[in-house]
Amino acid sequence: MLRYLCGVLLASVPLVAANAESANFCRNSFNPNEAVESRFMGLEYALTAHVLAEKYCGAEPRPLRPRFLGYIEKQGCDSGTEIYKEVEAAIAKMEDAGLNLLAQENPKLTMSDEQVQEWASTATKELGGCDALKKAHDAEIGQ
């Protein structure tokens, strides 16, 4: 009897594995020994690049919410999820912020206009330059 039970258990393992799906975490954080959810990595850089393209490179302003929150919703994460809330808060911070706030991650720090311009120039160069930022800014997600 034990042999039959073990045989049934072993035979069912491939069926269970075949039906397994990766978890839809919809979050930025992860626990130790947990697979990292990579589909949202880089959103912070994309937001920064979008805002730099507008505020430093002179790209025509475009709304952030439909682009970034729409992407998150297409990934199956609604407004109650961690990633949605985090990106929504980041967008709210960046929408009306100038380069000063963007450059100063810590609002308690004070940077001169010259330092802010130097940061924006360096960040823009590291992200490929104004032409690349404008191209990415004007591109549709998914292309």
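Predicted model only: the values in this text are computed from it and were never measured.

Novice: Even after reading the chapter, I still don't get the nonpolar core, so can you show me in this structure?
Specialist: Generally speaking, soluble globular proteins have nonpolar side chains that are buried together. In this structure, Ile72 and Val87 are the most contacted members of the largest nonpolar core, which totals 27 residues. Broken down by secondary-structure element, the contributors of at least two residues to this core are helix H2 (43-55), helix H3 (64-74), helix H4 (82-95), helix H5 (99-103) and helix H6 (113-126). If you tally residues by element for this core, the top one is H2, at 6 residues.

Novice: Explain the pattern of salt bridges to me, please; I cannot follow it from the model alone.
Specialist: Summed over the entire model, instances satisfying the criterion amount to 2 salt bridges. Close ionic contact of Glu95 with Arg65 constitutes a salt bridge, the shortest N to O distance being 3.4 Å. Highlighted residues: Glu95 in helix H4 and Arg65 in helix H3, separated in sequence by 30 residues. Judged by relative accessible area, which is 34%, Glu95 ranks as partly exposed.

Novice: Help me understand H3 in this model?
Specialist: Owing to its 3.6 residues per turn, the α-helix brings residues three or four apart onto one side. Every buried residue of H3 is listed here: Leu64, Arg67, Phe68, Leu69, Gly70 and Ile72. Elements in contact with the buried residues of H3: H2, H4 and helix H7 (130-138).

Novice: In this structure, what is going on with the confidence of the model for the protein? I would like to understand it.
Specialist: If pLDDT is low for a region, its predicted coordinates should not be looked at in detail. Averaged over all residues, the pLDDT of the protein equals 79, while 77% of them reach at least 70. Scored below 50 in pLDDT, residues 4-8 shows 0 contacts in the model against residues more than four places distant or in partner chains. Within the model, the stretch residues 15-22 combines pLDDT values under 50 with 0 contacts to residues more than four positions away or in other chains.

Novice: What exactly am I supposed to notice about the state of the cysteines here?
Specialist: Linking two cysteines covalently through their sulfur atoms gives a disulfide. Tallied over the full model, the rule gives 2 disulfides. Between the sulfur atoms of Cys26 and its disulfide partner Cys77 the distance amounts to 2.0 Å. Measuring handedness by torsion sign, the sulfur bridge of Cys26 and Cys77 sits at about -85 degrees and is left-handed. You can see Cys26 sitting in the loop between helix H1 (2-19) and H2 and its partner Cys77 sitting in the loop between H3 and H4, a full 51 residues away along the chain. Judged on exposure class, the residue Cys26 and its partner Cys77 are both buried. Disulfide connectivity for the protein, with bonded cysteines indexed by sequence position, reads 1-3, 2-4.

Novice: Would you mind showing me how to read H4 here?
Specialist: Between its first and last C-alpha, H4 extends 20 Å over 14 residues, near the 20 Å set by a 1.5 Å rise per residue. Along H4, the residues classified as buried are Ile83, Tyr84, Val87, Ile91 and Met94. End-on, the buried residues of H4 take up no more than an arc of 100 degrees, which puts them together on one face. In the core, the buried residues of H4 are packed alongside H2, H3 and H5.

Novice: What is the right way to read the packing of H2 against H4 from this model?
Specialist: For the pair H2 and H4, interaxial distance at closest approach is 11 Å and the crossing angle is 15 degrees. The angle between the axes of H2 and H4 places the two elements in the roughly parallel class. By crossing handedness, the relation of H2 to H4 is classed as right-handed. Touching Leu43, Leu47, Thr48, Val51 and Lys55 of H2 are Val87, Ala90, Ile91, Met94 and Glu95, all from H4. Classifying every residue of the contact of H2 with H4 gives 7 nonpolar, 1 polar and 2 charged.

Cut-offs applied
Residues numbered from 1 in each chain as written. Predicted model: local features only at pLDDT ≥ 70, side-chain atom pairs only at ≥ 80, totals over all residues. Heavy atoms only, no water. Core = buried A, V, L, I, M, F, W, Y, C linked by side-chain atoms within 4.5 Å. Buried < 20%, exposed > 50% of the residue type's maximum accessible area, 1.4 Å probe, protein only. Helix = DSSP H or I, 4+ residues; strand = E, 2+ residues; numbered from the N terminus. Salt bridge = Lys/Arg side-chain N within 4 Å of Asp/Glu carboxyl O. Contact = heavy atoms within 4.5 Å. pLDDT = per-residue confidence, 0-100. Disulfide = S-S within 2.5 Å. Expected span 1.5 Å × (residues − 1). Arc of directions from axis to C-beta. Axes fitted to C-alpha atoms, helices over the stretch in contact; angles between N-to-C directions. Parallel < 35°, antiparallel > 145°, perpendicular 65-115°, else oblique. Left-handed = near helix turned anticlockwise from the far one by under 90°. Nonpolar A, V, L, I, M, F, W, Y, C, P; charged D, E, K, R; others polar.

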